[in-house]
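# Residue-level structural notes
Below are the chains, spelled out letter by letter.
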There are 2 protein chains.
Amino acid sequence: TPQHAVTFGDLQEKQIEEVLWAFKDRVNDLKKDRRFRYILLFKNFGEAAGASLEHPHCQLIALPVIPKRVKEEVDGAKLFYDLKERCIFCDIIRQEAAGARLVTESERFTVIEPYAPRFPFETWVLPKRHQSHFEDSDAPTLQNLAWVMRATMRKIDHVLERPAYNFIVHSAPIQDEPLPHFHWHLEIIPKLTKVAGFEWGTGFYINPTPPEESARFLREAGLV
Amino acid sequence: TPQHAVTFGDLQEKQIEEVLWAFKDRVNDLKKDRRFRYILLFKNFGEAAGASLEHPHCQLIALPVIPKRVKEEVDGAKLFYDLKERCIFCDIIRQEAAGARLVTESERFTVIEPYAPRFPFETWVLPKRHQSHFEDSDAPTLQNLAWVMRATMRKIDHVLERPAYNFIVHSAPIQDEPLPHFHWHLEIIPKLTKVAGFEWGTGFYINPTPPEESARFLREAGLV
């Protein structure tokens, strides 16, 4: 964007849609290079979240290996699928539909605070229709995602006063066929707590804010 | 300590030794409670490293489960042991003995910058004699550890100008017998970089500082 001082939530819906198309187009192009095994799409906003540039930007990193965390998430989802013959994310969407952890929803997306979040106000944006790869999203889905991303980021900016945050697209490894057990989604992590010795030593996270409480704050912020 | 404004490196050797005895005694006492499966000893110093109290302190958290990260480290070491019939940490100590990543050493300890550190100036303190559990350390070992900890923290404080840091004792799960494949050690992580979207999305870490370079800085600081 030529605007130096805007946050993601400040952008117009149409502008966000263009960002999402850039995500999709770049992934689909890089995918042709068979050396790449994974493409990570993410955004760091604010110094506390590790942003090294001040100007609004997102990042894409293509990797020749499947990252450890991606493998853990996909393998975990596979374990559930093998046991239940259902996608765990589809189950979560159904279960949270009218619950205390729902933040907002649109025609094609559900936004929730997950059941056991690592961080206060950790927020997930999930497509309602099962799909393992972000880059397979069609035009109406990207349009609807732009709306829901804008609404969600405005709620977060309003309630937490423009916090530093990371958002990360969780998508299946690019060379995989569509997976019945994995469901792409977006995770937004406002930077409110510090990762310290306990977290580094255990891989467990201390989170003082129940997701039901953060969801209520975000719901009550309305569509600012 | 009654002194409010001291860092770990400011303490006298004898005072550090007493801290280490407190670690050992508390672990050995808590170990009697069979509900506990792991005891984490760590220190957060400075706000950037997540310290919530200003007064000098260390922390101990006893857990009814074996943490994810501990399991990964112990399992990884076991894999190496099954393959090579040697402890991987004993191998590292031998290999780094006179190398470019050595920071300092004492009669009973080796201090190195590990081969592929996640963070700039990540520093490991390893006992030369194989032992899986920190709390089995005898009196001369704790005394020698106090010396080497003080020397190391003073080097770090000098080169990095009293940085925020975490240190974490990596020890075997308390209810295990002595393990031939795991080797307790201490990891010191100065807080110089931010964990951002790439790290959260992958579990991989971007580190701009080669360990050979940070080791050289720390070696050249002498025994300040």
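A few points on the structure. (Residues numbered from 1 in each chain as written. Chains lettered and ligands numbered in written order. Predicted model: local features only at pLDDT ≥ 70, side-chain atom pairs only at ≥ 80, totals over all residues. Heavy atoms only, no water.)

For an α-helix, 3.6 residues make a turn, and residues three or four places apart therefore share a direction. Buried within helix H3 (residues 88-96) of chain A we find Phe89, Cys90, Asp91, Ile93 and Glu96 of chain A. On its buried face, H3 of chain A sits against helix H2 (68-84), strand E3 (102-105), strand E4 (109-112), strand E5 (123-127) and strand E7 (185-190) of chain A. (Buried < 20%, exposed > 50% of the residue type's maximum accessible area, 1.4 Å probe, protein only. Helix = DSSP H or I, 4+ residues; strand = E, 2+ residues; numbered from the N terminus. Contact = heavy atoms within 4.5 Å.)

The next thing to look at is the sheet that holds strand E6 (residues 165-170) of chain A. Residue and element names in this part refer to chain A. Pairing is antiparallel across the open sheet formed by seven strands, whose spatial order is E2-E1-E6-E7-E5-E4-E3. Only two strands of the sheet have a single partner each, and these edge strands are strand E2 (59-63) and E3. Averaged over all pairs of adjacent strands, the angle between their axes in this sheet comes to 20°, without regard to strand direction. The sheet contact formed by strand E1 (residues 38-45) and E2 spans five bridges and is antiparallel. Residue pairing for E2: leucine 41 is matched across the bridge by leucine 60. (Pairing = 2+ DSSP bridges. Axes fitted to C-alpha atoms, helices over the stretch in contact; angles between N-to-C directions.)

Right, let's talk about the pairing of E6 of chain A for a bit. Residue and element names in this part refer to chain A. Most of E6 is tucked away: six of the six residues are buried. Here E6 shows a buried face lined by Tyr165, Phe167 and Val169 and a second buried face lined by Asn166, Ile168 and His170. With four bridges joining them, E1 and E6 adopt antiparallel strand pairing. Within E6, the position partnered with phenylalanine 42 by the bridge is isoleucine 168.

In this section: the packing of H2 of chain A against H3 of chain A. Residue and element names in this part refer to chain A. Contact geometry of H2 with H3 gives a least axis separation of 9 Å together with a crossing angle of 75°. One finds that H2 runs roughly perpendicular with respect to H3. The segment H2 lies against H3, with Glu73, Ala77 and Phe80 engaging Ile88, Phe89 and Asp91. Classifying every residue of the contact of H2 with H3 gives four nonpolar, no polar and two charged. (Parallel < 35°, antiparallel > 145°, perpendicular 65-115°, else oblique. Nonpolar A, V, L, I, M, F, W, Y, C, P; charged D, E, K, R; others polar.)

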